[in-house]
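# A look at the structure
Listed here are the chains, written in short residue letters.
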Amino acid sequence: MKRADALRILGMAAAGAALSAIAWLHVGSLALLAAFPLGLASARRRREAFAFAFGYFGLNSAELPSILLRFFNGDGLAIAILAPLALALILATPFALVGRGSPARRAAMMLVALLIITLPPLGFIGWLNPLFAAAALYPGTGVAGVALAAALFCGLAAWTVRTRKTAGAVLLGLLVPTVAINAWHVERQKHQPATLGVYALNTRLGKPSIDPEYRARAVEEIARRVEFHSAPGFDLVIFPESILHDLSDVDRIMLMPSTGHEDLPTVLFGATMLREDQRRENGIFLLNEEFPMVANSRLPVPIGNWRPFMTGGVAARPFESDIIEVGGRAAAISVCYEDAVLWGHPGLMTGQGEILLSFANLWALRGTRTAHAQAVGATGLARLGGVPLRRAVNE
């Protein structure tokens, strides 16, 4: 390989990483992801297109080794390094197809690559998808907005000097509606049902554990804050994901007094529950005398919680509904990793939800860019679905 070619490949990788770093700073800056297909279209060879995509997905995965080591208490060094690298390679590879050919072929290959990383099976792990641009460009439009963003990406991938007039007309037709759609979204937000009685409570309990000291602290935290919020004006209160590890009868007994408050709001909290087959449910539970599980994690975080071929992992339910009726509302549920992927939100994306309730446990991500990007993802999903967001996080 010539030195100039190597430098160009490095430059393309750096450009992809820079785009990722800037675009995921804020939900509004997700609009910059429209530059993703332009970067691919500028590639002279497939390896340059791959380098650009790898730079984008690679930066997203750069912190994962340290996060996984923290999650597993320093064990599994090989997995902690190889798994994030494999994730970036897998997600970047389809976009190598966009790097050369006629404009029509590049547009078609862009569509194919987007479908590969958005739909199952890669859609289960395809986090920080460039199609999150739809949240900034086409808010409140759900599935239609994702389709419009995909069409925009295909048009941008086909852009060349020779096709600029035709491509320009198509792109103008796709971009002009963004002004009208954003104005409509702002006006629509003014007339949404009030969510003043819905509260998401963050905690700083650290890593969930079966240690009695941790369990006592977690139960005390729930009981104390439920007591405070058992008053008129509080309709629905949510706590973070899995703040109780392997929910037990003792936990239920200790929480039982909290169910007797006169003005008890609807309270949801996250907890894991061990099944007979030694796999876990990562559920959302209702605080009452029966402690029913009203929702479940559909896409547990890969490697950390979802281990399809290993014992002890959390069960995945990628095709279950994301909508539940709670506190008199149709609520879309997003649990942790689901905040960062487009797949798994069918109800939200088709207008069935009135609010997005996000439950996260980010003790292993505290202070990282990854945690911030996940928060932007949750905000983007709510904006794309045209609903308010309430998000409870444990650190």
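Scroll up to find the structure.
Quick summary incoming for the structure in this document. (Residues numbered from 1 in each chain as written. Predicted model: local features only at pLDDT ≥ 70, side-chain atom pairs only at ≥ 80, totals over all residues. Heavy atoms only, no water.)

Tallying each qualifying case throughout the model produces 14 salt bridges. Linking Arg204 and Glu395 is a salt bridge whose minimum nitrogen-to-oxygen distance equals 2.8 Å. Taken together, the positions of Arg204 in the loop between β1 (198–200) and α10 (212–229) and Glu395 in the segment after β9 (389–394) put the pair 191 residues apart, joining distant regions of the chain. Close ionic contact of Glu338 with Arg298 constitutes a salt bridge, the shortest N to O distance being 3.2 Å. One end of the pair, Glu338, is in the loop between β7 (329–335) and α12 (346–349); the other, Arg298, is in the loop between β5 (293–296) and β6 (323–326), and 40 residues separate them in sequence. When sorted by exposure, Glu338 lands in the same class as Arg298, which is buried. One salt-bridge network, in which partners are shared between bridges, spans Asp5, Arg8, Arg45, Arg47 and Glu48. (Salt bridge = Lys/Arg side-chain N within 4 Å of Asp/Glu carboxyl O. Helix = DSSP H or I, 4+ residues; strand = E, 2+ residues; numbered from the N terminus. Buried < 20%, exposed > 50% of the residue type's maximum accessible area, 1.4 Å probe, protein only.)

Cis geometry marks the peptide bond from Pro120 to Pro121; its omega dihedral reads 0°. Within the element layout of this structure, Pro121 appears in the loop between α6 (103–118) and α7 (133–137). Here the phi dihedral of Asp246 falls at roughly 55°; this positive angle occurs in a residue that is not glycine. Position of Asp246 among the secondary structure elements: in the loop between β2 (236–238) and α11 (249–255).

Moving on to the environment of Gly11. Mapping Gly11 onto the fold places it in helix α1 (residues 3–23). Residue Gly11 is classed as partly exposed on the basis of its relative accessible area of 36%. Taking the C-alpha atoms as reference points, Gly11 and Pro318, separated by 307 residues in sequence, lie 37 Å from one another.

Moving on, we get to the nonpolar core. In this structure, Trp24, Phe36, Phe95 and Leu357 are the most contacted members of the largest nonpolar core, which totals 95 residues. The greatest single-element share of this core, amounting to eight residues, is contributed by helix α8 (residues 143–157). Not counting residues up to four positions away in its chain, the partners in contact with Phe36 are Leu19, Phe52, Ala53, Tyr56, Phe57, Phe95, Pro130 and Phe153. If you look at the next biggest cluster of nonpolar residues, it comprises 19 residues, including Tyr214, Ala218, Val226 and Val237. (Core = buried A, V, L, I, M, F, W, Y, C linked by side-chain atoms within 4.5 Å. Contact = heavy atoms within 4.5 Å.)

Moving on, we come to the sheet that holds strand β8 (residues 355–361). An order of β6-β7-β8-β9 is seen for the four strands of this open sheet, with the pairing classed as mixed. Because the sheet does not close on itself, it has two edges, and the strands there are β6 and β9. When the angles between neighbouring strand axes are averaged without regard to direction, this sheet yields 30°. Where β8 and β9 come together, six bridges link them in parallel fashion. Looking at the pairing, Phe359 lines up with Ala392 of β9. Together, β8 and β9 form the strand contacts of helix α13 (residues 369–385), whose direction differs from that of β9 by roughly 160°. (Pairing = 2+ DSSP bridges. Axes fitted to C-alpha atoms, helices over the stretch in contact; angles between N-to-C directions.)

Taking 1.5 Å of rise per residue, the 16 residues of α6 would be expected to cover 22 Å, and the 23 Å separating its terminal C-alpha atoms lies within 8% of that figure. Among the residues of α6, those classed as buried are Pro103, Arg106, Ala107, Met109, Met110, Ala113, Leu114, Ile117 and Thr118. The buried side chains of α6 occupy one side of the element, clustering within an arc of 165° when seen end-on. Contact partners of the buried residues in α6: α2 (35–41), α3 (46–61), α5 (77–92) and α8. (Expected span 1.5 Å × (residues − 1). Arc of directions from axis to C-beta.)

Its place among the elements puts Ile125 in the loop between α6 and α7. Judged by relative accessible area, which is 18%, Ile125 ranks as buried. Sequence separation between Ile125 and Arg369 is 244 residues, and the spatial gap between their C-alpha atoms is 18 Å.

This part takes up the packing of aromatic side chains. Under the counting rule described, the total for this entry stands at 16 aromatic pairs. Each ring, one from Trp24 and one from Phe132, has its centre 5.3 Å from the other, and the planes form 65°; the classification is edge-to-face. Taken together, the positions of Trp24 in the loop between α1 and α2 and Phe132 in the loop between α6 and α7 put the pair 108 residues apart, joining distant regions of the chain. For Phe132, a relative accessible area of 1% puts it in the buried group. Grouping aromatic residues by their ring pairs yields a cluster made of Phe36, Phe52, Tyr56, Phe57 and Phe95. (Phe/Tyr/Trp six-rings, centres within 6.5 Å; stacked < 30°, edge-to-face > 60°.)

Another point: the packing of α6 against α8. Closest axis-to-axis distance for the α6/α8 pair is 7 Å, and the angle between their directions is 140°. Taken together, α6 and α8 sit at an angle that is classed as oblique. The handedness of the crossing between α6 and α8 comes out as right-handed. Seen from α6, the contacting residues are Arg106, Ala107, Met110, Leu111 and Leu114; seen from α8, they are Ala150, Phe153, Cys154 and Ala157. (Parallel < 35°, antiparallel > 145°, perpendicular 65-115°, else oblique. Left-handed = near helix turned anticlockwise from the far one by under 90°.)

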